[in-house]
Amino acid sequence: MQVDWNQTGHLLGLEGCSRNSLVSLLDDAAELLPIAGNRSSGTGEFSGRTVATLFFENSTRTKLSFTMAARRIGAEVLDLNASTSSTAKGESLLDTAMNIQAMGVDAMVMRCAASGAPRLISEHVSIPLINAGDGRHEHPTQGLLDALALREHFQKKTLDGLTIAIVGDIANSRVARSNAHGLTTLGANVVFVGPPSLVPDRMESLVVSGRDGSGTLRVEHDLDAVLHEIDAIMMLRVQFERHDGEVIDEHYTRQFGLDLNRAAQLREGVPVLHPGPINRGIEIDPEVADGPRSLILDQVTCGVAVRMAALQGLLRGSSS
Ligand code: NCD
(Lines give C-alpha, C1' and ligand atoms only; values in the text may rest on other atoms or scores of the structure.)
Protein backbone atom coordinates (compact mmCIF):
# COMPACT_ATOMS: atom_id res chain seq x y z
CA MET A 1 0.00 0.00 0.00
CA GLN A 2 1.39 3.37 -0.98
CA VAL A 3 1.61 6.36 1.28
CA ASP A 4 0.15 9.76 0.49
CA TRP A 5 1.12 11.37 -2.79
CA ASN A 6 2.49 14.43 -1.03
CA GLN A 7 4.77 12.26 1.12
CA THR A 8 6.22 10.34 -1.80
CA GLY A 9 6.84 13.52 -3.79
CA HIS A 10 5.02 12.01 -6.78
CA LEU A 11 1.38 11.58 -7.81
CA LEU A 12 1.19 8.03 -9.10
CA GLY A 13 -2.26 6.85 -8.06
CA LEU A 14 -5.14 7.40 -5.64
CA GLU A 15 -4.94 3.93 -4.09
CA GLY A 16 -3.75 4.27 -0.52
CA CYS A 17 -4.03 8.07 -0.38
CA SER A 18 -5.62 9.32 2.83
CA ARG A 19 -8.89 11.19 2.92
CA ASN A 20 -7.12 14.24 4.38
CA SER A 21 -4.57 14.44 1.58
CA LEU A 22 -7.31 14.19 -1.06
CA VAL A 23 -9.54 16.75 0.63
CA SER A 24 -6.65 19.17 1.01
CA LEU A 25 -5.64 18.85 -2.66
CA LEU A 26 -9.27 19.33 -3.70
CA ASP A 27 -9.54 22.39 -1.42
CA ASP A 28 -6.50 23.90 -3.16
CA ALA A 29 -7.96 23.05 -6.57
CA ALA A 30 -11.34 24.58 -5.64
CA GLU A 31 -9.57 27.82 -4.75
CA LEU A 32 -7.77 27.76 -8.09
CA LEU A 33 -10.94 27.15 -10.11
CA PRO A 34 -11.61 30.83 -10.90
CA ILE A 35 -8.05 31.12 -12.28
CA ALA A 36 -8.23 27.78 -14.12
CA GLY A 37 -11.16 28.85 -16.25
CA ASN A 38 -10.08 32.44 -16.83
CA ARG A 39 -8.40 33.33 -20.10
CA SER A 40 -5.91 35.87 -18.87
CA SER A 41 -5.02 34.92 -15.33
CA GLY A 42 -2.38 32.90 -13.53
CA THR A 43 -0.46 32.77 -10.29
CA GLY A 44 3.02 33.11 -11.78
CA GLU A 45 4.46 31.39 -8.68
CA PHE A 46 6.66 28.99 -10.61
CA SER A 47 8.11 31.30 -13.21
CA GLY A 48 11.49 29.94 -14.34
CA ARG A 49 10.47 26.32 -13.64
CA THR A 50 9.94 23.75 -16.40
CA VAL A 51 7.46 20.88 -16.52
CA ALA A 52 8.10 18.14 -19.11
CA THR A 53 5.15 16.31 -20.66
CA LEU A 54 5.86 12.79 -21.95
CA PHE A 55 2.78 11.27 -23.59
CA PHE A 56 3.34 7.87 -25.15
CA GLU A 57 -0.41 7.32 -25.62
CA ASN A 58 -2.85 9.63 -27.38
CA SER A 59 -4.37 12.49 -25.45
CA THR A 60 -6.29 15.70 -26.03
CA ARG A 61 -7.74 16.84 -22.70
CA THR A 62 -5.14 15.54 -20.29
CA LYS A 63 -2.07 16.79 -22.14
CA LEU A 64 -3.46 20.23 -22.97
CA SER A 65 -4.86 20.57 -19.49
CA PHE A 66 -1.47 19.81 -17.88
CA THR A 67 0.08 22.32 -20.29
CA MET A 68 -2.50 24.93 -19.37
CA ALA A 69 -2.10 24.17 -15.65
CA ALA A 70 1.69 24.50 -15.80
CA ARG A 71 1.41 27.83 -17.64
CA ARG A 72 -1.21 29.13 -15.22
CA ILE A 73 1.26 28.63 -12.35
CA GLY A 74 3.99 30.36 -14.36
CA ALA A 75 6.01 27.31 -15.45
CA GLU A 76 7.24 26.55 -18.95
CA VAL A 77 6.33 23.32 -20.68
CA LEU A 78 8.75 21.09 -22.54
CA ASP A 79 6.83 18.58 -24.61
CA LEU A 80 8.27 15.34 -25.91
CA ASN A 81 6.76 14.38 -29.24
CA ALA A 82 6.48 10.66 -28.55
CA SER A 83 5.97 9.54 -32.14
CA THR A 84 9.22 11.18 -33.30
CA SER A 85 11.19 10.54 -30.09
CA SER A 86 13.89 7.93 -29.62
CA THR A 87 11.47 5.57 -27.87
CA ALA A 88 10.41 4.86 -31.47
CA LYS A 89 14.03 3.65 -31.93
CA GLY A 90 13.73 1.36 -28.92
CA GLU A 91 14.92 3.63 -26.10
CA SER A 92 13.31 2.59 -22.82
CA LEU A 93 10.90 4.83 -20.93
CA LEU A 94 13.34 4.92 -18.02
CA ASP A 95 16.26 6.05 -20.21
CA THR A 96 14.03 8.70 -21.77
CA ALA A 97 12.94 9.96 -18.35
CA MET A 98 16.53 10.00 -17.00
CA ASN A 99 17.70 12.01 -20.02
CA ILE A 100 14.91 14.53 -19.68
CA GLN A 101 15.67 14.92 -15.99
CA ALA A 102 19.33 15.52 -16.88
CA MET A 103 18.26 18.54 -18.94
CA GLY A 104 17.22 20.22 -15.70
CA VAL A 105 13.43 20.03 -15.81
CA ASP A 106 11.61 20.47 -12.50
CA ALA A 107 8.75 17.96 -12.86
CA MET A 108 7.56 15.31 -15.30
CA VAL A 109 4.09 14.28 -16.41
CA MET A 110 3.91 10.88 -18.07
CA ARG A 111 1.31 8.79 -19.91
CA CYS A 112 2.18 5.33 -21.17
CA ALA A 113 0.63 1.98 -22.04
CA ALA A 114 2.56 -0.01 -19.45
CA SER A 115 0.73 -0.30 -16.12
CA GLY A 116 3.16 0.42 -13.30
CA ALA A 117 5.86 2.11 -15.42
CA PRO A 118 5.47 5.53 -13.71
CA ARG A 119 6.00 3.89 -10.32
CA LEU A 120 9.16 2.19 -11.53
CA ILE A 121 10.48 5.42 -13.02
CA SER A 122 9.63 7.37 -9.87
CA GLU A 123 12.09 5.16 -7.99
CA HIS A 124 14.91 6.46 -10.20
CA VAL A 125 14.18 10.15 -10.69
CA SER A 126 14.71 12.90 -8.13
CA ILE A 127 12.05 15.28 -9.45
CA PRO A 128 8.26 14.97 -9.00
CA LEU A 129 6.52 12.64 -11.43
CA ILE A 130 2.79 12.71 -12.16
CA ASN A 131 1.11 9.69 -13.71
CA ALA A 132 -1.21 10.94 -16.48
CA GLY A 133 -2.54 7.43 -17.14
CA ASP A 134 -0.66 4.11 -17.18
CA GLY A 135 -2.38 1.40 -19.21
CA ARG A 136 -5.38 -0.01 -17.38
CA HIS A 137 -3.97 0.93 -13.98
CA GLU A 138 -4.52 4.49 -12.68
CA HIS A 139 -5.17 8.03 -13.85
CA PRO A 140 -5.07 9.95 -10.58
CA THR A 141 -5.68 13.49 -11.82
CA GLN A 142 -8.78 12.26 -13.70
CA GLY A 143 -10.08 10.71 -10.46
CA LEU A 144 -9.40 13.99 -8.66
CA LEU A 145 -11.03 16.18 -11.28
CA ASP A 146 -14.11 13.97 -11.24
CA ALA A 147 -14.24 14.30 -7.45
CA LEU A 148 -13.86 18.08 -7.74
CA ALA A 149 -16.66 18.32 -10.32
CA LEU A 150 -18.90 16.31 -7.98
CA ARG A 151 -17.91 18.39 -4.94
CA GLU A 152 -18.72 21.58 -6.83
CA HIS A 153 -22.03 20.17 -8.05
CA PHE A 154 -23.17 18.98 -4.62
CA GLN A 155 -21.50 21.89 -2.81
CA LYS A 156 -19.91 19.47 -0.31
CA LYS A 157 -16.31 19.01 0.80
CA THR A 158 -16.55 15.23 0.81
CA LEU A 159 -18.85 12.79 -0.98
CA ASP A 160 -20.10 10.98 2.12
CA GLY A 161 -23.13 8.81 1.51
CA LEU A 162 -23.53 9.60 -2.20
CA THR A 163 -24.08 6.64 -4.53
CA ILE A 164 -22.15 7.02 -7.77
CA ALA A 165 -22.52 4.64 -10.73
CA ILE A 166 -19.58 4.17 -13.08
CA VAL A 167 -20.85 2.49 -16.23
CA GLY A 168 -19.21 0.65 -19.10
CA ASP A 169 -15.80 -0.71 -19.91
CA ILE A 170 -14.53 -0.90 -16.34
CA ALA A 171 -12.04 -3.74 -16.82
CA ASN A 172 -9.98 -1.70 -19.28
CA SER A 173 -10.35 1.65 -17.55
CA ARG A 174 -7.72 3.40 -15.45
CA VAL A 175 -10.33 6.12 -14.87
CA ALA A 176 -12.63 3.61 -13.16
CA ARG A 177 -9.80 2.37 -10.94
CA SER A 178 -8.68 5.82 -9.82
CA ASN A 179 -12.29 6.82 -9.23
CA ALA A 180 -13.03 3.69 -7.23
CA HIS A 181 -10.16 4.54 -4.88
CA GLY A 182 -10.69 8.31 -4.80
CA LEU A 183 -14.48 8.42 -4.53
CA THR A 184 -14.75 5.71 -1.86
CA THR A 185 -11.99 7.37 0.16
CA LEU A 186 -14.08 10.55 0.03
CA GLY A 187 -17.04 8.58 1.40
CA ALA A 188 -19.05 7.72 -1.73
CA ASN A 189 -20.53 4.31 -2.44
CA VAL A 190 -19.46 3.34 -5.94
CA VAL A 191 -21.39 0.94 -8.18
CA PHE A 192 -19.55 -0.48 -11.19
CA VAL A 193 -22.12 -1.32 -13.89
CA GLY A 194 -21.62 -3.24 -17.14
CA PRO A 195 -21.69 -6.68 -18.74
CA PRO A 196 -19.77 -9.44 -16.93
CA SER A 197 -17.18 -9.45 -19.75
CA LEU A 198 -16.30 -5.81 -19.02
CA VAL A 199 -17.16 -5.73 -15.30
CA PRO A 200 -16.15 -9.03 -13.72
CA ASP A 201 -17.60 -9.63 -10.24
CA ARG A 202 -14.11 -9.94 -8.79
CA MET A 203 -13.60 -6.21 -9.35
CA GLU A 204 -15.53 -5.68 -6.11
CA SER A 205 -12.36 -6.57 -4.24
CA LEU A 206 -10.48 -3.62 -5.77
CA VAL A 207 -11.42 -1.50 -2.79
CA VAL A 208 -11.29 -2.55 0.84
CA SER A 209 -14.63 -1.25 2.06
CA GLY A 210 -15.17 0.00 5.57
CA ARG A 211 -11.84 1.79 6.02
CA ASP A 212 -12.06 4.95 8.12
CA GLY A 213 -15.03 6.87 6.75
CA SER A 214 -14.75 5.24 3.37
CA GLY A 215 -17.59 4.11 1.12
CA THR A 216 -18.19 0.77 -0.54
CA LEU A 217 -17.74 -0.70 -4.01
CA ARG A 218 -20.17 -3.14 -5.60
CA VAL A 219 -20.69 -4.61 -9.06
CA GLU A 220 -24.04 -4.70 -10.93
CA HIS A 221 -24.88 -5.97 -14.41
CA ASP A 222 -28.28 -4.32 -14.89
CA LEU A 223 -28.13 -0.57 -15.47
CA ASP A 224 -31.90 -0.06 -15.43
CA ALA A 225 -32.10 -1.62 -11.98
CA VAL A 226 -29.79 0.98 -10.40
CA LEU A 227 -30.92 4.18 -12.16
CA HIS A 228 -33.45 5.10 -9.46
CA GLU A 229 -31.00 4.83 -6.54
CA ILE A 230 -27.96 6.77 -7.74
CA ASP A 231 -26.88 10.35 -7.05
CA ALA A 232 -24.51 10.67 -10.03
CA ILE A 233 -23.64 8.62 -13.10
CA MET A 234 -20.32 8.46 -14.94
CA MET A 235 -20.29 6.91 -18.39
CA LEU A 236 -17.00 5.46 -19.67
CA ARG A 237 -15.71 5.21 -23.20
CA VAL A 238 -15.53 1.71 -24.62
CA GLN A 239 -11.75 1.20 -24.84
CA PHE A 240 -11.70 -0.43 -28.27
CA GLU A 241 -7.91 -0.09 -28.50
CA ARG A 242 -7.47 -2.29 -25.42
CA HIS A 243 -9.90 -4.99 -26.55
CA ASP A 244 -8.96 -8.42 -27.67
CA GLY A 245 -11.79 -9.67 -29.83
CA GLU A 246 -14.71 -8.63 -27.56
CA VAL A 247 -17.76 -7.76 -29.61
CA ILE A 248 -19.33 -4.42 -28.74
CA ASP A 249 -22.43 -3.82 -30.87
CA GLU A 250 -25.90 -2.26 -30.69
CA HIS A 251 -26.77 -4.83 -28.06
CA TYR A 252 -24.23 -3.18 -25.72
CA THR A 253 -25.68 0.27 -26.42
CA ARG A 254 -29.21 -0.98 -25.83
CA GLN A 255 -28.26 -2.43 -22.44
CA PHE A 256 -25.69 0.05 -21.18
CA GLY A 257 -25.92 3.22 -23.28
CA LEU A 258 -27.26 6.37 -21.63
CA ASP A 259 -29.98 7.71 -23.91
CA LEU A 260 -32.73 10.23 -23.17
CA ASN A 261 -35.15 7.51 -22.02
CA ARG A 262 -32.72 6.20 -19.45
CA ALA A 263 -31.63 9.67 -18.37
CA ALA A 264 -35.30 10.48 -17.74
CA GLN A 265 -35.40 7.71 -15.13
CA LEU A 266 -32.64 9.36 -13.08
CA ARG A 267 -33.80 11.40 -10.11
CA GLU A 268 -34.01 15.14 -10.56
CA GLY A 269 -30.64 16.87 -10.40
CA VAL A 270 -28.56 13.70 -10.89
CA PRO A 271 -25.50 14.79 -12.91
CA VAL A 272 -23.95 12.91 -15.83
CA LEU A 273 -20.16 12.71 -16.16
CA HIS A 274 -17.84 11.34 -18.84
CA PRO A 275 -14.02 11.65 -18.89
CA GLY A 276 -13.90 12.01 -22.68
CA PRO A 277 -13.20 11.25 -25.42
CA ILE A 278 -16.85 10.36 -26.05
CA ASN A 279 -18.04 7.67 -28.44
CA ARG A 280 -21.28 9.50 -29.20
CA GLY A 281 -24.13 7.09 -29.78
CA ILE A 282 -22.31 4.14 -28.19
CA GLU A 283 -22.02 4.72 -24.42
CA ILE A 284 -23.92 8.02 -24.36
CA ASP A 285 -26.27 9.82 -26.72
CA PRO A 286 -25.43 13.37 -27.84
CA GLU A 287 -28.68 14.73 -26.34
CA VAL A 288 -27.54 13.54 -22.91
CA ALA A 289 -23.87 14.47 -23.29
CA ASP A 290 -24.87 18.01 -24.27
CA GLY A 291 -27.97 18.16 -22.08
CA PRO A 292 -28.75 19.97 -18.83
CA ARG A 293 -27.53 17.15 -16.56
CA SER A 294 -24.10 17.05 -18.18
CA LEU A 295 -21.00 18.06 -16.16
CA ILE A 296 -18.68 17.04 -18.98
CA LEU A 297 -17.24 20.47 -19.73
CA ASP A 298 -17.15 21.39 -16.03
CA GLN A 299 -14.96 18.31 -15.58
CA VAL A 300 -12.53 19.75 -18.12
CA THR A 301 -12.25 23.06 -16.25
CA CYS A 302 -11.85 21.16 -12.97
CA GLY A 303 -9.01 19.27 -14.68
CA VAL A 304 -6.95 22.42 -15.10
CA ALA A 305 -7.52 23.40 -11.45
CA VAL A 306 -6.66 19.95 -10.10
CA ARG A 307 -3.49 19.80 -12.19
CA MET A 308 -2.46 23.28 -11.05
CA ALA A 309 -2.97 22.17 -7.44
CA ALA A 310 -1.03 18.92 -7.94
CA LEU A 311 1.85 20.60 -9.76
CA GLN A 312 2.16 23.40 -7.23
CA GLY A 313 1.93 20.98 -4.30
CA LEU A 314 4.72 18.83 -5.71
CA LEU A 315 6.90 21.74 -6.86
CA ARG A 316 6.63 23.44 -3.48
CA GLY A 317 7.65 20.21 -1.81
CA SER A 318 10.61 19.46 -4.08
CA SER A 319 14.06 20.86 -3.42
CA SER A 320 14.90 22.08 -6.93
C1 NCD B 1 -9.28 8.79 -20.36
C2 NCD B 1 -7.95 8.08 -20.49
O3 NCD B 1 -7.12 8.42 -21.33
O4 NCD B 1 -7.76 7.19 -19.70
N5 NCD B 1 -9.36 10.02 -20.99
C6 NCD B 1 -8.88 11.13 -20.38
O7 NCD B 1 -7.84 11.13 -19.79
N8 NCD B 1 -9.66 12.23 -20.44
C9 NCD B 1 -10.41 7.93 -20.72
C10 NCD B 1 -10.47 7.33 -22.08
O11 NCD B 1 -9.54 7.38 -22.87
O12 NCD B 1 -11.51 6.76 -22.36
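Everything that follows concerns the structure shown earlier in this document.
Residues numbered from 1 in each chain as written. Predicted model: local features only at pLDDT ≥ 70, side-chain atom pairs only at ≥ 80, totals over all residues. Heavy atoms only, no water.

1. Concerning the overall build of the protein
So, step 1. Helix and strand counts for the protein stand at twelve helices and nine strands.
So, step 2. Overall, the protein is about 55 × 45 × 40 Å in size when its C-alpha atoms are taken along their principal axes.
So, step 3. Split into buried and exposed, the 320 residues of the protein put 55% on the buried side.
So, step 4. Looking at the protein alone, contacts between residues at least 24 apart form 75% of all its contacts between residues at least 6 apart.
So, step 5. By element, 49% of the accessible surface of the protein is carried by carbon and sulfur atoms, the whole surface being about 13400 Å².
So, step 6. Here the protein contributes 28 positive and 39 negative side-chain charges, whose respective centroids are spaced 4 Å apart. (Helix = DSSP H or I, 4+ residues; strand = E, 2+ residues; numbered from the N terminus. Buried < 20%, exposed > 50% of the residue type's maximum accessible area, 1.4 Å probe, protein only. Contact = heavy atoms within 4.5 Å. Areas by Shrake-Rupley, 256 points an atom, 1.4 Å probe, with all protein chains shown as cover. Lys, Arg positive; Asp, Glu negative; His and termini not counted. Charge placed at Lys NZ, Arg CZ, Asp CG, Glu CD.)

2. So, the side chain of threonine 50
So, step 1. Positionally, threonine 50 belongs in strand 1 (residues 50–55).
So, step 2. Excluding residues that lie within four positions of it along the chain, threonine 50 makes contacts with Glu76, Leu78, Val105, Asp106 and Ala107.

3. Topic: the sheet that holds strand 9 (residues 272–273)
Within a beta sheet, neighbouring strands are joined by backbone hydrogen bonds and run either parallel or antiparallel to one another.
So, step 1. Taken in spatial order, the five strands of this open sheet run 7-6-5-8-9, and their pairing is parallel. In this open sheet, the two strands that pair with only one neighbour each are strand 7 (217–220) and strand 9.
So, step 2. Direction of pairing for strand 5 (residues 163–167) relative to strand 8 (residues 232–235): parallel, over a ladder of four bridges. The residue bridging isoleucine 164 from the neighbouring strand is alanine 232, located in strand 8. (Pairing = 2+ DSSP bridges.)

4. Regarding the packing of helix 2 (residues 19–36) against helix 12 (residues 296–317)
So, step 1. The N-to-C vectors of helix 2 and helix 12 enclose an angle of 120°; their axes lie 8 Å apart at closest approach. The angle between helix 2 and helix 12 places the two elements in the oblique class. Every pair of crossing elements has a handedness; the one defined by helix 2 and helix 12 is right-handed. Contacts between helix 2 and helix 12 involve Leu25, Leu26, Asp28, Ala29, Leu32, Leu33, Ile35 and Ala36 on the former and, on the latter, Thr301, Cys302, Val304, Ala305, Val306, Met308, Ala309, Ala310 and Gln312. (Axes fitted to C-alpha atoms, helices over the stretch in contact; angles between N-to-C directions. Parallel < 35°, antiparallel > 145°, perpendicular 65-115°, else oblique. Left-handed = near helix turned anticlockwise from the far one by under 90°.)

5. A closer look at the side chain of asparagine 279
So, step 1. As for its position among the elements, asparagine 279 is in the loop between strand 9 and helix 11 (286–289).
So, step 2. Assessed through its relative accessible area of 18%, asparagine 279 is described here as buried.
So, step 3. Polar contacts involving the side chain of asparagine 279 include one to the main-chain carbonyl oxygen of valine 238, which spans 3.5 Å.
So, step 4. Those residues in contact with asparagine 279 that sit more than four places away from it in its chain are Arg237, Val238, Phe240 and Ile284. (Polar contact = N/O pair within 3.5 Å; in protein donor to acceptor, adjacent residues only side chain to side chain.)

6. Description of helix 7 (residues 174–185)
So, step 1. The first and last C-alpha atoms of helix 7 sit 17 Å apart over twelve residues, in line with the 16 Å expected at 1.5 Å per residue.
So, step 2. In terms of burial, helix 7 is largely enclosed, as twelve of its twelve residues are buried.
So, step 3. Listed as buried for helix 7 are Arg174, Val175, Ala176, Arg177, Ser178, Asn179, Ala180, His181, Gly182, Leu183, Thr184 and Thr185.
So, step 4. You can read the cap of helix 7 off the contacts: a side-chain oxygen lies 3.2 Å from the backbone nitrogen of valine 175, and it is on serine 173.
So, step 5. Of the residues trailing helix 7, glycine 187 is marked for its positive phi of about 100°. (Expected span 1.5 Å × (residues − 1).)

7. Brief notes about the pattern of salt bridges
So, step 1. Applying the stated rule across the entire model yields 13 salt bridges.
So, step 2. The closest approach of N and O atoms between glutamate 229 and arginine 218, which form a salt bridge, is 2.9 Å. Here glutamate 229 is found in the loop between helix 8 (223–226) and strand 8, whereas its partner arginine 218 is found in strand 7, with eleven residues between them in sequence.
So, step 3. Residue classification places glutamate 229 among the partly exposed positions, given a relative accessible area of 26%.
So, step 4. Put simply, arginine 237 and glutamate 241 hold a salt bridge, and the shortest N to O gap is 2.7 Å.
So, step 5. Judged by its relative accessible area of 49%, glutamate 241 is partly exposed.
So, step 6. Bridged by salt links that share partners, the residues Asp27, Arg151 and Lys157 form one connected network. (Salt bridge = Lys/Arg side-chain N within 4 Å of Asp/Glu carboxyl O.)

8. Description of the site of the ligand
So, step 1. All residues in the neighbourhood of the ligand are listed as Arg61, Thr62, Arg111, His139, Gln142, Arg174, Val175, Arg237, Gln239, Pro275, Gly276 and Pro277.
So, step 2. In the complex, the protein chains occlude 93% of the 320 Å² of accessible area that the ligand would expose alone.
So, step 3. Every element with two or more residues in the shell around the ligand is listed here: helix 3 (61–72) and helix 7.
So, step 4. Of the residues contributing to the shell around the ligand, the split by class is three nonpolar, five polar and four charged. (Near = heavy atom within 4 Å. Nonpolar A, V, L, I, M, F, W, Y, C, P; charged D, E, K, R; others polar.)

Just distances and angles here, no functional claims.
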